[in-house]
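What the coordinates show
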Number of protein chains: 2
Amino acid sequence: MAIAGPPGAKDRSSTRRANLSLILNLLHGEGGRSRARIAADTGLPKATVTNLIAELMEGGLVREGGAEREGAVGRPGQVVELDGRALCGVGVEINVDYVSVIALDLPGDVVAQRRLAVDVASTPAEAVLDTVGQLVAETMAELASSGVRTIGVTLAAPGVIDPVRGMVTYASNIGWREVAAVDGLRRRLGRSAPEIHLENDAKLGAIAEFVTTDTPGVRDLVYLTGATGVGAGIIASGKLLRGNAGFAGEVGHLPLGDPEQDCPCGRRGCWETAVGLAALLRLAADRDDEVHDPSVDVEQRLSELRRRAEARDERTLAALDTLARSLGAGVALLVDILNPRLLVLGGHFAVFGAYLVDAVRDHVRDTVIAPDAGGCELVPSVLGFTAPARGGAYLALDAVYQDPIAIMQLTQS
Amino acid sequence: MAIAGPPGAKDRSSTRRANLSLILNLLHGEGGRSRARIAADTGLPKATVTNLIAELMEGGLVREGGAEREGAVGRPGQVVELDGRALCGVGVEINVDYVSVIALDLPGDVVAQRRLAVDVASTPAEAVLDTVGQLVAETMAELASSGVRTIGVTLAAPGVIDPVRGMVTYASNIGWREVAAVDGLRRRLGRSAPEIHLENDAKLGAIAEFVTTDTPGVRDLVYLTGATGVGAGIIASGKLLRGNAGFAGEVGHLPLGDPEQDCPCGRRGCWETAVGLAALLRLAADRDDEVHDPSVDVEQRLSELRRRAEARDERTLAALDTLARSLGAGVALLVDILNPRLLVLGGHFAVFGAYLVDAVRDHVRDTVIAPDAGGCELVPSVLGFTAPARGGAYLALDAVYQDPIAIMQLTQS
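What counts as what
- Residues numbered from 1 in each chain as written.
- Chains lettered and ligands numbered in written order.
- Predicted model: local features only at pLDDT ≥ 70, side-chain atom pairs only at ≥ 80, totals over all residues.
- Heavy atoms only, no water.
- Helix = DSSP H or I, 4+ residues; strand = E, 2+ residues; numbered from the N terminus.
- Rg over C-alpha atoms; globule rule 2.2 N^0.38 Å.
- Buried < 20%, exposed > 50% of the residue type's maximum accessible area, 1.4 Å probe, protein only.
- Contact = heavy atoms within 4.5 Å.
- Areas by Shrake-Rupley, 256 points an atom, 1.4 Å probe, with all protein chains shown as cover.
- Lys, Arg positive; Asp, Glu negative; His and termini not counted.
- Charge placed at Lys NZ, Arg CZ, Asp CG, Glu CD.
- UniProt positions renumbered as here; feature names shortened; annotations may be inferred.
- Buried area = accessible area lost by both parts, 1.4 Å probe.
- Salt bridge = Lys/Arg side-chain N within 4 Å of Asp/Glu carboxyl O.
- Polar contact = N/O pair within 3.5 Å; in protein donor to acceptor, adjacent residues only side chain to side chain.
- Nonpolar A, V, L, I, M, F, W, Y, C, P; charged D, E, K, R; others polar.
- Domains from an automatic or database assignment.
- Pairing = 2+ DSSP bridges.
- Axes fitted to C-alpha atoms, helices over the stretch in contact; angles between N-to-C directions.
- Parallel < 35°, antiparallel > 145°, perpendicular 65-115°, else oblique.
- Left-handed = near helix turned anticlockwise from the far one by under 90°.

**Here's the deal with the overall build of chain A**
Scanning chain A from terminus to terminus reveals 14 helices and 16 strands. Since a compact globule built from 413 residues should have a radius of gyration of about 22 Å, the 23 Å found for chain A is in line with a globular shape. Dimensions along the principal axes, computed over C-alpha positions, put chain A at roughly 70 × 55 × 50 Å. Expressed as a percentage of its 413 residues, the buried residues of chain A come to 57%. Here the contacts in chain A between residues at least 6 apart in sequence split such that 63% fall between residues at least 24 apart. Counting every atom, chain A has about 16500 Å² of accessible surface; 48% of that belongs to carbon and sulfur. Charged side chains of chain A number 40 positive and 53 negative; the gap between the two group centres comes to 6 Å.

Right, dumping it as structure tokens:
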């Protein structure tokens, strides 16, 4: 049965790994504390904790902090806190209008960031991978020069991906089909290449939002990318929902748009033809308007549109109203099916949050069958267009929490 | 971070509980085996295994079997296998047209079954709970007379429920709103009442299908109830997806039906007005046709319709075609969002599987964005209308796997 069965028993070295991981997770999730409190909080013997902390300290993953301030019984102990400023995870997002790179250290702070306007759909995939390789190599070199080692890279792609083979299976908006992205990047980085993984942009955005949310007690979250394509990343009971083969969250082509509108995927009436970035630009401005210029960074073009909305430009506001209606229909559907605690609107939905959120929230409240929309709160992302790359960096860093031993061996080699 | 963090460290008694649970889950999932193999498979010391098995045997949860046949090194040991025939879990389904009870012993065999045609929507909730109480009490008494103890009861209701308060919040098709079902049943069972829980029918159906599926390696499954109401039960990565407040899977009122069709919920165009049992009956037969008679058991009425379909009755076949189209639209949407390995059609969808599955499968293959429908297989349930009650019984039994100590204390008291 094992609907919620226990994990298997462990051998000795996996126990050590699990205990190191347990301590790191504790320090990350709950903050620094004394060895005595770590022993109390984990249930591990004090001598074991002392040994494990020494090992983590030598590996650069934790460090001594100040004296323990509160909640301590007896003589205050010295705090041990998360370190890991000498290592980082890198996330790279390839999207329709740009390529961006972000590097986070173990505590989650941004230590490097790069972004380039690229008309990806009109550029051969190999040339895009050249650009990606260059951006990642530059970022890693910059970090290395200040003593920071990159332990892993995660690529985010806007479409259907195969994480096992590292292939972008099908991303209609950038015209990629069966592109070996992971192998391509590994070849370009050469001998210095760290672990490289590939994941869908929406899934990585969901991870970033889940890790950084201020809302307490969130275990179920849906993140909606807002770019030319629209995808959902789903966190269920605190874990990323990938589905049988990694395709969960493919909402961009649900038949929720105008049945006459052509989609680059070959279908008609896909949801992203009604709520994607292209739809917003089409509704808000004529073809020769500057906001359609793919050589200008997308955030700049959206700032222009936002300026128009703030100036109460009628066409812009009407476009946002139309978009809000189509957005509401899909969001309500996701809330009915997934009952998330948080639904986070990313990308351009977040840029225009002030013009969209109220209308979408009203629609959700009126149509979702669960009382009070099942307790779902609708919020614009505060991570903007960086959420997928950030999620990629977090995922790369997760290797540290999962297997501190391997990472310490790596950083010492 | 802990995107997939390790579980917390355990104290001694919770370690014993976890190890007992580990052994029971092993015997249930992988079948009986010798103490030596149990030690090898769990990584526990042989002496510990011997003690734990003695404890489980005394508690009636395992028993000695024959000699070990295959895969054993050296002298064949005696097999220890799951017992638990002296205890059972009970599931009760309350639906529009019937109330049914099913009892399963620990190995999952049916040890009692009862079913009554009840026009639940036209009967006061208290009178329905009287019937439920009577059916459950009779079943428990029958089992007790052959020495089988009921360790828990799970109620399945067709709608939005609050598992914490044990309330049916809102079930439009039976007209229940804020009905205290768990307290009501507990009061009727009096001092002999075991643990009672409440869950949505689709979620319990999903558990039953997940536990009993023959398809190897299924971790992601969607079960669709087919009755007057339509709901989805979702298993993601081997665990029931409940969502933030237990409302996940509320698909019956998605706007996928004819926008002019009224729904008992007060909306129009809900999916269940196009694919629910009432829709099928409305499409297939005039109001005065015998298949509309609520005093006749629903399975009997569906048998009559199936007989007509087999006789190639035009109206019946046209009704099934229409239903298949609407069903395909919703199923494709669920496959895009959840990427299940299996999508199981329950209730009347299963009864008419031969007339529905091919058309729905074609629609899914043509519209789902993932290649090869993301590996999703579409199957009619073989559990028929018993899936929700069975799932309830499994959930009641899961308490044994989660905490064998508590159950053994209970059965010995």
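**Structural notes on the UniProt feature "domain: HTH iclR-type" (unreviewed entry) in chain A**
Residues annotated in UniProt with the feature "domain: HTH iclR-type" (unreviewed entry) correspond here to residues 23–64 of chain A. Annotated as 69% helix and 12% strand, the span residues 23–64 of chain A places its first and last C-alpha atoms 14 Å apart.

**With respect to the interface of chain B and chain A**
With 63 residues of chain B in contact, the opposing surface of chain A contributes 62 residues. Carbon and sulfur atoms make up 65% of the area that chain B and chain A hide from each other, which totals about 5000 Å². If you look at where chain B meets chain A, you find zero salt bridges. Linking chain B to chain A there are 18 residue pairs in polar contact (both at pLDDT 80 or more). Residue assignment for the side of chain B that touches chain A shows that the elements contributing at least two residues are helix H1 (12–30), strand S9 (167–171), strand S13 (232–236), helix H10 (314–338), helix H12 (353–367) and helix H13 (387–402) of chain B. The class makeup of the residues in the side of chain B that touches chain A is 35 nonpolar, 19 polar and nine charged.

**What about the domain arrangement of chain A?**
Residue and element names in this part refer to chain A. What the domain assignment reports for chain A is domain 1 (12–82), domain 2 (87–204 + 388–412) and domain 3 (214–383). Distance from the C-alpha centre of domain 1 to the C-alpha centre of domain 2: 31 Å. Taken together, the contacts link 13 residues of domain 1 with 12 residues of domain 2. Together domain 1 and domain 2 conceal approximately 1100 Å² of surface at their shared face, both sides included; 71% is due to carbon and sulfur atoms. The largest share of the area that domain 1 buries against domain 2 comes from Arg17, Leu61 and Leu82, three residues that together contribute 42% of it.

**Quick notes on the sheet that holds strand S10 (residues 176–179) of chain A**
Residues and elements named next belong to chain A. Taking strand neighbours across the sheet as the criterion, the three strands line up as S8-S9-S10 in an open arrangement whose pairing is antiparallel. If you trace the sheet from one side to the other, it starts and ends with strand S8 (160–162) and S10, each paired once. Geometrically, the sheet is characterised by an average inter-axis angle of 20 degrees between neighbouring strands, direction not taken into account. Two elements, strand S9 (residues 167–171) and S10, share three bridges in a ladder whose sense is antiparallel. Looking across to S10, one finds that Tyr170 is bridged to Arg177.

**Let's talk about the sheet that holds strand S2 (residues 62–67) of chain A**
Through backbone hydrogen bonds, the strands of a sheet pair up, either in parallel or in antiparallel fashion. All names here are of chain A. Here we have three strands laid out as an open sheet, ordered S1-S3-S2, and antiparallel in their pairing. Here the strands that pair on one side only, and so sit at the sheet edges, are strand S1 (33–34) and S2. Relative to strand S3 (residues 78–82), S1 runs antiparallel, the two sharing two bridges. When the sheet's bridge partners are listed, Ser34 is paired in S3 with Val79. Here helix H3 (residues 46–58) sits on the sheet in contact with S2 and S3, set at roughly 110 degrees to S2.

**A few points about the side chain of Thr386(A)**
Residues and elements named next belong to chain A. Mapping Thr386 onto the fold places it in the loop between strand S16 (377–380) and helix H13 (387–402). According to the relative accessible area criterion, Thr386 is buried, its value standing at 16%. Separated by 2.5 Å, the side chain of Thr386 and the backbone oxygen of Leu383 make a polar contact. Aside from chain neighbours lying at most four places away, what touches Thr386 is Ile102 and Gln113.

**Observations concerning the packing of helix H2 (residues 35–42) of chain A against H3(A)**
Residues and elements named next belong to chain A. Running from amino to carboxyl end, H2 crosses H3 at an angle of 115 degrees, the nearest separation of the two axes being 9 Å. If you check the angle between H2 and H3, you find them roughly perpendicular. Judged by the twist between their axes, the crossing of H2 over H3 is right-handed. Within the contact between the two elements, H2 uses Arg35, Ala36, Ile38, Ala39 and Thr42 and H3 uses Lys46, Val49, Thr50, Ile53 and Met57. Grouping the constituent residues of the contact of H2 with H3 by class yields six nonpolar, two polar and two charged.

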